[in-house]
Amino acid sequence: SDLMPRTSVHIAEELRTALHHAGIDGPYILVGSAFGGDNVRTFADLYIDEVAGLVLDDADPTDVEPTSMREEEHRGHAGIPSDLRNCRNAIAQHKPLPTQGSGPGKPQKTCAQQFFFRGLPEAEWSPELTAKVLEIAQTKVAMYDAYSSEMEQTASDETYLQQHRRSLGSRPIRVLTSGNHGVGHLERKPPDTPKHLKYEQETTLAQARWLELSSNAKQIFTHNSSEYIQFDEPETLINAVREVYDQSGRPVAGHGD
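Let me begin by describing the structure that accompanies this report.

Criteria and thresholds
- Residues numbered from 1 in each chain as written.
- Predicted model: local features only at pLDDT ≥ 70, side-chain atom pairs only at ≥ 80, totals over all residues.
- Heavy atoms only, no water.
- Helix = DSSP H or I, 4+ residues; strand = E, 2+ residues; numbered from the N terminus.
- Rg over C-alpha atoms; globule rule 2.2 N^0.38 Å.
- Buried < 20%, exposed > 50% of the residue type's maximum accessible area, 1.4 Å probe, protein only.
- Pairing = 2+ DSSP bridges.
- Axes fitted to C-alpha atoms, helices over the stretch in contact; angles between N-to-C directions.
- Parallel < 35°, antiparallel > 145°, perpendicular 65-115°, else oblique.
- Left-handed = near helix turned anticlockwise from the far one by under 90°.
- Contact = heavy atoms within 4.5 Å.
- Nonpolar A, V, L, I, M, F, W, Y, C, P; charged D, E, K, R; others polar.
- Salt bridge = Lys/Arg side-chain N within 4 Å of Asp/Glu carboxyl O.
- Disulfide = S-S within 2.5 Å.

**What to know about the overall build of the chain**
Stage number 1. Check the secondary structure of the chain and you find 10 helices and 6 strands.
Stage number 2. Here the chain has a C-alpha radius of gyration of 19 Å; the compact-globule value for 257 residues is 18 Å, and the two agree.
Stage number 3. Each of the three principal axes of the chain carries a C-alpha extent, and together these read 55 × 45 × 35 Å.
Stage number 4. With 257 residues in all, the chain has 44% of them scored as buried.

Given below as structure tokens:
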């Protein structure tokens, strides 16, 4: 379909079209978490005049990592699209969903509960939101088609960003770094092995490379947060957005509404 493949360029184009159709005029402050960071940086490359500033919320810095680390991450993700398709096919055929235990004595989780966000149900959401997302994950094959295509496209998304490293001039950028990238829940943080510590250190350094994209850029470190800063330290994220708003120096979409 024309919705495929799910590249960051495609996603950025759709986001812009949706904003325009909704009558929401730019310039926009774009906030991207994890893979969303690829999408908002791509948006900024394509539509720089419509961007007021960026907040990167522990965003994936895979395109600015050392090559060996990037390749290792791609190897680690290689099996995910086929796992997603297995789940998708079970849903399409109305068969029981594949399950997996998440550890000794832990309850079995279906594939629909495992693949989205940091797992469902999500304690930080309202019961209504959790129920709705779980219902979608248990019934809608399109969600799986989109996600597996996204996973297949990340390497080319990263190459795109390497080839389109656009300066944002003086537009504010705030880079939020948890030091727990890839850690979904603090209480399940892996042990501080040399390998894990090196991964976090390299991630922090890679995220710092985004500071070169603007003359008004700052890296902000959380004190006690998983990769989901918006859940664990929401004030840190809100303050970063407010700072970008205050410093973008012109009216921004949503102001005064």
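**Re the sheet that holds strand E6 (residues 217-221)**
Stage number 1. Here we have 4 strands laid out as an open sheet, ordered E1-E2-E5-E6, and parallel in their pairing. Each having just a single partner strand, strand E1 (28-33) and E6 make up the two edges of the open sheet. For this sheet the average axis-to-axis angle between neighbouring strands, irrespective of direction, equals 15 degrees.
Stage number 2. Across 6 bridges, the pairing between E1 and strand E2 (residues 51-57) is parallel. For Val31, the partnering residue across the bridge sits in E2 and is Val55.

**Focus on unusual backbone geometry**
Stage number 1. Pro5 follows Met4 through a cis peptide bond whose omega is -15 degrees.
Stage number 2. Looking at where Pro5 falls in the secondary structure, it is placed in the segment before helix H1 (8-21).
Stage number 3. The phi dihedral of His94 falls on the positive side, at around 55 degrees, and the residue is not glycine.
Stage number 4. The residue His94 is located in the loop between helix H4 (80-92) and strand E3 (99-101) in this model.
Stage number 5. Positive phi outside glycine occurs at Phe117, with the angle close to 55 degrees.

**Some details on the packing of helix H2 (residues 36-46) against helix H7 (residues 141-163)**
Stage number 1. One way to put it is that H2 packs onto H7 with a least axis distance of 10 Å and a crossing angle of 40 degrees. Relative to H7, the element H2 lies oblique. Both H2 and H7 take part in a crossing whose hand is left-handed. Two secondary-structure elements touch here, H2 through Asp38, Arg41, Thr42, Asp45 and Leu46 and H7 through Asp157, Glu158, Tyr160 and Leu161.
Stage number 2. Partitioning the contact of H2 with H7 into residue classes produces 3 nonpolar, 1 polar and 5 charged.

**Remarks on the pattern of salt bridges**
Stage number 1. Following the criterion strictly, the structure yields 16 salt bridges and no others.
Stage number 2. In this structure, Arg165 and Glu212 form a salt bridge, with 3.1 Å as the shortest nitrogen-oxygen distance. Of this pair, Arg165 sits in the loop between H7 and strand E5 (173-177) while Glu212 sits in the loop between helix H8 (194-208) and E6, and the two are 47 residues apart along the sequence.
Stage number 3. Owing to a relative accessible area of 40%, Arg165 belongs among the partly exposed residues under this scheme.
Stage number 4. Overall, Glu212 belongs to the exposed group, its relative accessible area being 60%.

**Quick look at the environment of Arg166**
Stage number 1. Within the secondary structure layout, Arg166 lies in the loop between H7 and E5.
Stage number 2. A sequence separation of 156 residues divides Arg166 from His10, and the C-alpha atoms of the two residues are 18 Å apart.
Stage number 3. Those residues in contact with Arg166 that sit more than four places away from it in its chain are Ala44, Asp45, Ile48 and Leu213.

**Focus: the state of the cysteines**
Stage number 1. Scanning the entire structure with this criterion turns up 1 disulfide.
Stage number 2. Across the disulfide, Cys87 is cross-linked to Cys111 (sulfur-sulfur distance 1.9 Å). Residues Cys87 and Cys111 are joined by a disulfide whose S-S torsion is about 75 degrees; by sign, that bridge is right-handed. Of the two residues, Cys87 is situated in helix H4 and Cys111 in helix H5 (residues 111-114); the sequence distance between them amounts to 24 residues.
Stage number 3. Judged by relative accessible area, which is 0%, Cys87 ranks as buried.
Stage number 4. We classify Cys111 as buried; its relative accessible area is 3%.

Everything listed here is a matter of coordinates, which is why it stays silent on function.
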